[in-house]
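# Overview (structure and organization)
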Amino acid sequence: MKIVRFLLGLLVPPLGVFLTVGIGPTLFINVLLTLLGWLPGSIHAIWVIAKYEEKLNREGEIY
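For every chain, the first residue of its written sequence is number 1, and the numbers climb from 1 along that sequence. Restriction of local features to residues with pLDDT of at least 70 applies here, the model being predicted, together with a cutoff of 80 or more for giving and counting side-chain atom pairs; totals for whole chains, interfaces and linings are based on all residues. Each side-chain value is worked out from all heavy atoms of the structure, with water and hydrogens disregarded.

A cluster of nonpolar residues, Met1, Ile3, Val4, Leu7, Leu10, Leu11, Val12, Leu15, Phe18, Leu19, Ile23 and Phe28, forms a patch on the protein surface that exposes about 1,200 Å² of accessible area. Here a strand is any run of E in DSSP of at least two residues, a helix any run of H or I of at least four, and the numbering for each starts at the N terminus. Taken together, the elements giving at least two residues each to the nonpolar patch come down to helix H1 (2–11) and helix H2 (13–21). Ranked by residue count, the leading element in the nonpolar patch is H1, at five residues. For leucine 7, the position within the fold is in helix H1. Each residue's exposure class comes from its accessible area (1.4 Å probe, protein chains only) as a fraction of the maximum for that residue type: buried when under 20%, exposed when over 50%, partly exposed otherwise. A relative accessible area of 48% places leucine 7 in the partly exposed class. A residue counts toward a patch only above 30% relative accessible area and without a salt bridge, and it is joined to like-charged neighbours within 9 Å or, for Val, Leu, Ile, Met, Phe, Trp and Tyr, to nonpolar neighbours within 5 Å. In short, Shrake-Rupley with a 1.4 Å probe defines the accessible areas, and a residue's cover is counted only from the protein chains shown. We define a salt bridge as a side-chain nitrogen of Lys or Arg found within 4 Å of a carboxyl oxygen belonging to Asp or Glu.

Dropping the structure here:
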């Protein structure tokens, strides 16, 4: 599923963000960036998806 989210983040940025974080401010920011241009929306989507994956990995660690 992670690879699918990254690919959708590149091709259809708002969909990749929606599948990662759902409806919220992050999605609306991504929609606005995508309306400004595909590249800013894609960069933001990849960043959001990567940070989400990083957060999941951190929460899974035992200290």
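The next thing to look at is H2. Residue pairs three or four apart in sequence face the same way in an α-helix, which turns once every 3.6 residues. Taken as a whole, H2 has its buried residues at Pro13, Pro14, Gly16, Val17 and Thr20. Each buried residue of H2 sits inside an arc of 160° when the element is viewed along its axis, so together they form one side. The contact rule is simple, with two residues in contact once any of their heavy atoms fall within 4.5 Å. Looking at the packing, one finds that the buried side of H2 touches H1, helix H3 (25–36) and helix H4 (38–60). Following H2 by one or two positions, glycine 22 adopts a phi angle in the positive range, close to 80°. Each C-beta atom gives one direction from the helix axis, and the arc is the one those directions make.

Right, let's talk about the side chain of histidine 44 for a bit. Counting through the fold element by element, histidine 44 comes out in helix H4. In this view, histidine 44 contacts Thr26, Ile29, Asn30 and Leu33; residues no more than four positions away in its chain are not counted.

For the rest of this paragraph, the subject is the pattern of salt bridges. For the structure on display, the rule yields three salt bridges. Residue glutamate 53 is joined to arginine 5 by a salt bridge in which the shortest nitrogen-to-oxygen separation is 2.1 Å. Pair noted here: glutamate 53 is in helix H4 and arginine 5 is in helix H1, with a separation of 48 residues, a long-range link. There is no split in this pair, since glutamate 53 and arginine 5 are both buried. In this structure, the salt-bridge partner of arginine 58 is glutamate 54, at a minimum N-O distance of 3.7 Å. With arginine 58 and glutamate 54 both in helix H4 and four residues apart, this pair spans about one turn of that helix. Of the residues examined, glutamate 54 reaches a relative accessible area of 39% and is grouped as partly exposed.

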